[in-house]
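Listed here are the chains, written in short residue letters.
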Amino acid sequence: MNAVVATSVFAVFMVAAVALGLLALRGRGKGGGLAEWSVGGRSLGPVFIWVLMAGEGYTSFSYLGAAGWGYNYGAPVLYVVAYMSCGYAIGYVVGPMLWAYARRHGLVGITDMVAHRFGRPWLGAVVAVLATVFLLPYIQLQITGMGVVLSVISYGAVSLNWAYFVAFAVTTGFVVVSGLRGSAWVSVLKDVLVIATLGFLALYVPLHYFDGYGPFLDRLVTEKSDWLTLPGHGGGGSGGSGLGELWFISTTFLNSLTVVIFPTTVAGYLGARNADALRRNAMYLPAYNVLLFVPMLLGLAALFVVPGLAGAESNLALFKLVVDSLPAWAVGVIGVAAGLSSIVPMAVFMLVIGTMWGRSVLSLVPRLAERQKSAAQVVVVLAGGLALLLTYTAPNTLVRLSLISYEGMAQLLPMVLLALVWRRLTFRGAFSGLIVGVAVVCVLVFSGNDPLGGVNAGLVALAANLAVALAVTFAGPRDADPRPDAEVLAGDPVGEEGDPLAVTRAPRSTSDHRV
């Protein structure tokens, strides 16, 4: 009976999520072209942009990984709060720049921006393939996360294999039809449930299991003090985790830079109605990160309630507390919040992959150039299906790739961000640096040298990337690009408040007589 109640609640909310995705199309005709589907017609207001970009911070990791890291290590998991808050601060400047650049030139993603900046359409295709390699693991991990959640809240009645398929089917269903706008609408439902469930658990667990925060924290300090300082539990010594101060600082620094050019983040930027919406969200979003402390804290509470969890089982620390003590309907509601925290970001990952391929890869085929949206929708289904297939047949393949996902994506920073503010960076320099950076991060991660001397391997690779890019740029000839700076570089948009077509302030070239 518990399984029936919990899964029924889950099923009702999943149907509601798909319905919201369909309702998002009201008044949009047949859904418009690629820009309408992929970036919401560049018309999403502050509320939708807020919930959509907040989804970047609340994935299945929030309910599973954050609690699991809190259970296993403790303090090192706080890097998530640190890098996201710093990333929002950087996004206050970068977001409006990318939004204005894309709007001015009719671009819909980072592959478009790279191709336009360097004047080489094929370069956008290369970046699309590389970014897909780094994004596919996130789709697989969200499928796995939702599968685990559904299996646990059904008290084992739903097998993991069926749960994986449900995650794929529901997500593909509404993202193919409604695109970014549908994801934003479903994000509203997700965020209401996330705030409600985490707020409830933050009060319920300490009171139910420890008679309040005082006894819980006192016991934590007395018995588990290793979890409260860096490098966390099991972090010391030559065989430790290596998650010390250097790792924390380097990872926070690297991830805060990378998150602002992450393809899914940029999709949120480009969906905004105007640059002011992005600035306001950059100020408000860090406050939302406070909720991330809850699953981390619950992971620490699980140390006393369900001790002895090892390996992947530690990711179930939060749900072990939930299933053991709450009625089935409440387990179902919390499962819905965690499930939607998988579906929404997974939808955006799939949408971004589809957009990159439809716009930058398949558009190079003449007969597909006029059907970019339909091509992108086909890619969404194929990308999700590939992640699902590998989840069944070779889960470790993408799990291993996930180790280099963020660190690998960081290697696009010079080509995507530095190139948009510094004209001197040449194509040869940026491309050479990218090759070296990706090679270095792969070697370090797969040889077991991440972190390297306590420093995040991605930052080591990015340093090599930049060194090569600068060396090749200064040693080689300048790019023969006749376009003026205002056409190639990005600048902060300025203009009348609320003006959706604000003028952009880009660095001028002396040869630019149009500005």
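Rules of the game
- Residues numbered from 1 in each chain as written.
- Predicted model: local features only at pLDDT ≥ 70, side-chain atom pairs only at ≥ 80, totals over all residues.
- Heavy atoms only, no water.
- Helix = DSSP H or I, 4+ residues; strand = E, 2+ residues; numbered from the N terminus.
- Buried < 20%, exposed > 50% of the residue type's maximum accessible area, 1.4 Å probe, protein only.
- Contact = heavy atoms within 4.5 Å.
- Areas by Shrake-Rupley, 256 points an atom, 1.4 Å probe, with all protein chains shown as cover.
- Core = buried A, V, L, I, M, F, W, Y, C linked by side-chain atoms within 4.5 Å.
- Axes fitted to C-alpha atoms, helices over the stretch in contact; angles between N-to-C directions.
- Parallel < 35°, antiparallel > 145°, perpendicular 65-115°, else oblique.
- Nonpolar A, V, L, I, M, F, W, Y, C, P; charged D, E, K, R; others polar.
- Salt bridge = Lys/Arg side-chain N within 4 Å of Asp/Glu carboxyl O.
- Phe/Tyr/Trp six-rings, centres within 6.5 Å; stacked < 30°, edge-to-face > 60°.
- Lys NZ or Arg CZ within 6 Å of the ring centre and 35° of its normal.
- Patch = residues over 30% accessible without salt bridge, like charges linked within 9 Å, V, L, I, M, F, W, Y side chains within 5 Å.
- Polar contact = N/O pair within 3.5 Å; in protein donor to acceptor, adjacent residues only side chain to side chain.
- pLDDT = per-residue confidence, 0-100.

1. Quick look at the overall build of the protein chain
For step 1, the next point in the chain: Secondary structure assignment for the protein chain yields 23 helices and two strands.
For step 2, the next point in the chain: With 515 residues in all, the protein chain has 56% of them scored as buried.
For step 3, the next point in the chain: In the protein chain, the proportion of contacts linking residues at least 24 apart, taken out of those at least 6 apart, comes to 82%.
For step 4, the next point in the chain: Of the roughly 19,800 Å² that the protein chain leaves accessible, carbon and sulfur atoms contribute 67%.

2. A look at helix H12 (residues 263-270)
For step 1, the next point in the chain: Within H12, eight of the eight residues are buried, leaving the element largely enclosed by the surrounding structure.
For step 2, the next point in the chain: Among the residues making up H12, those that are buried are Pro263, Thr264, Thr265, Val266, Ala267, Gly268, Tyr269 and Leu270.

3. Brief notes about the nonpolar core
For step 1, the next point in the chain: One finds Tyr63, Met113, Ile139, Phe319, Leu340 and Leu412 to be the most contacted residues of the largest nonpolar core, which totals 154 residues.
For step 2, the next point in the chain: The element contributing the most residues to this core is helix H9 (residues 160-210), with 20 residues.
For step 3, the next point in the chain: Leaving out residues up to four positions away in the same chain, Leu340 has contacts with Met14, Ala17, Val186, Leu189, Lys190, Leu193 and Pro345.

4. Examining the packing of H9 against helix H10 (residues 213-223)
For step 1, the next point in the chain: With their axes 8 Å apart at the nearest point, H9 and H10 run at an angle of 75° to one another. By the criterion of interaxial angle, the relationship of H9 to H10 is roughly perpendicular. Contacts between H9 and H10 involve Ala202, Pro206 and Phe210 on the former and, on the latter, Tyr213, Pro215, Phe216 and Arg219.
For step 2, the next point in the chain: Here the residues of the contact of H9 with H10 sort into six nonpolar, no polar and one charged.

5. A word on the pattern of salt bridges
Pairing between side chains becomes possible if they bear opposite charge and their charged atoms approach one another.
For step 1, the next point in the chain: For the structure on display, the rule yields six salt bridges.
For step 2, the next point in the chain: The salt bridge partner of Asp112 is Arg359, with a shortest N-O separation of 2.9 Å. Here Arg359 lies in helix H16 (residues 328-361) and Asp112 lies in helix H7 (residues 110-118), a separation of 247 residues in the sequence.
For step 3, the next point in the chain: Judged by its relative accessible area of 23%, Arg359 falls in the partly exposed class.
For step 4, the next point in the chain: One salt bridge connects Arg483 with Asp481, and the closest N-O pair in it is separated by 2.7 Å.
For step 5, the next point in the chain: On the accessibility criterion, Asp481 (22% relative accessible area) is partly exposed.

6. Notes on the packing of aromatic side chains
For step 1, the next point in the chain: For the structure shown, the criterion picks out 20 aromatic pairs.
For step 2, the next point in the chain: Between Tyr83 and Tyr406, the aromatic rings sit 5.8 Å apart at their centres with planes inclined by 65°, giving edge-to-face as the arrangement. In this pair, Tyr83 sits in helix H6 (residues 79-105) while Tyr406 sits in helix H19 (residues 405-409), placing the two residues 323 residues apart along the sequence.
For step 3, the next point in the chain: For Tyr83, a relative accessible area of 10% translates into the label buried.
For step 4, the next point in the chain: Summarising the aromatic geometry, the rings of Phe262 and Tyr406 are spaced 4.9 Å apart at their centres and angled 20° between planes, so their arrangement reads as stacked. Here Tyr406 lies in helix H19 and Phe262 lies in the loop between helix H11 (245-258) and H12, a separation of 144 residues in the sequence.
For step 5, the next point in the chain: Here the aromatic cluster, defined as three or more aromatic residues joined through ring pairs, consists of Trp69, Tyr73, Tyr79, Tyr83, Tyr138, Trp247, Phe262, Phe349 and Tyr406.
For step 6, the next point in the chain: When the ring centre of Phe118 is taken as origin, the NZ or CZ atom of Arg117, which lies over that ring, is 4.7 Å away.
For step 7, the next point in the chain: When the ring centre of Phe427 is taken as reference, the NZ or CZ atom of Arg120 above it lies at 4.1 Å.

7. Section: a nonpolar patch on the surface
For step 1, the next point in the chain: A cluster of nonpolar side chains, namely Met1, Val4, Val5 and Trp329, defines an oily patch on the protein surface of about 460 Å² accessible area.
For step 2, the next point in the chain: Positionally, Val4 belongs in helix H1 (residues 2-23).

8. Here's the deal with the side chain of Asn456
For step 1, the next point in the chain: With respect to the helices, strands and loops of the structure, Asn456 is situated in the loop between helix H21 (427-446) and helix H22 (457-475).
For step 2, the next point in the chain: Not counting the four nearest positions on each side in its chain, Asn456 is found in contact with Trp247, Ser250, Thr251, Leu254, Glu407, Asp450 and Pro451.

9. As for unusual backbone geometry
For step 1, the next point in the chain: The omega torsion across Leu230 and Pro231 is 5°, close enough to zero to call that bond cis.
For step 2, the next point in the chain: Among the structural elements, Pro231 can be located in the loop between H10 and H11.
For step 3, the next point in the chain: With an omega of 0°, the peptide bond running from Asp450 to Pro451 counts as cis.
For step 4, the next point in the chain: Looking at the secondary structure, you find Pro451 in the loop between H21 and H22.
For step 5, the next point in the chain: Located in the positive-phi region is Asp211, a residue other than glycine, with phi close to 65°.
For step 6, the next point in the chain: The residue Asp211 is located in the loop between H9 and H10 in this model.
For step 7, the next point in the chain: Looking at Asp211, the relative accessible area reads 69%, which means it is exposed.

10. Thoughts on the packing of H6 against helix H13 (residues 275-288)
Angle between the axes and distance between the axes are the two parameters that describe a pair of packed helices.
For step 1, the next point in the chain: At a minimum axis distance of 8 Å, the contact between H6 and H13 shows a crossing angle of 175°. The angle between H6 and H13 places the two elements in the roughly antiparallel class. The segment H6 lies against H13, with Ser85, Tyr88, Tyr92, Gly95, Pro96 and Trp99 engaging Ala275, Leu278, Arg279, Ala282, Met283, Leu285 and Pro286.
For step 2, the next point in the chain: For the contact of H6 with H13, a count of residues per class yields ten nonpolar, two polar and one charged.

11. Some words on the side chain of Thr258
For step 1, the next point in the chain: Topologically, Thr258 is positioned in helix H11.
For step 2, the next point in the chain: A polar contact is formed between the side chain of Thr258 and the backbone oxygen of Leu254, at a distance of 2.8 Å.

12. So, the confidence of the model for the protein chain
For step 1, the next point in the chain: Of the residues in the protein chain, 87% have a pLDDT of 70 or more, and the chain-wide mean is 84.
For step 2, the next point in the chain: Across the protein chain, the element-wise mean pLDDT spans from 44 in strand E2 (residues 503-505) up to 96 in H22.
For step 3, the next point in the chain: Here residues 496-515 is modelled with pLDDT under 50, and outside its nearest four sequence neighbours on either side it reaches 36 contacts, counting other chains as well.

13. Notes on helix H20 (residues 413-421)
For step 1, the next point in the chain: Counted residue by residue, H20 has seven buried out of nine residues, so it is predominantly covered.
For step 2, the next point in the chain: The complete set of buried residues in H20 reads Leu413, Pro414, Met415, Val416, Leu417, Ala419 and Leu420.

14. Details of the environment of Ala196
For step 1, the next point in the chain: Assignment of secondary structure puts Ala196 in helix H9.
For step 2, the next point in the chain: Spatially, the C-alpha atom of Ala196 lies 9.1 Å from that of Ile334, the residues being 138 residues apart in sequence.

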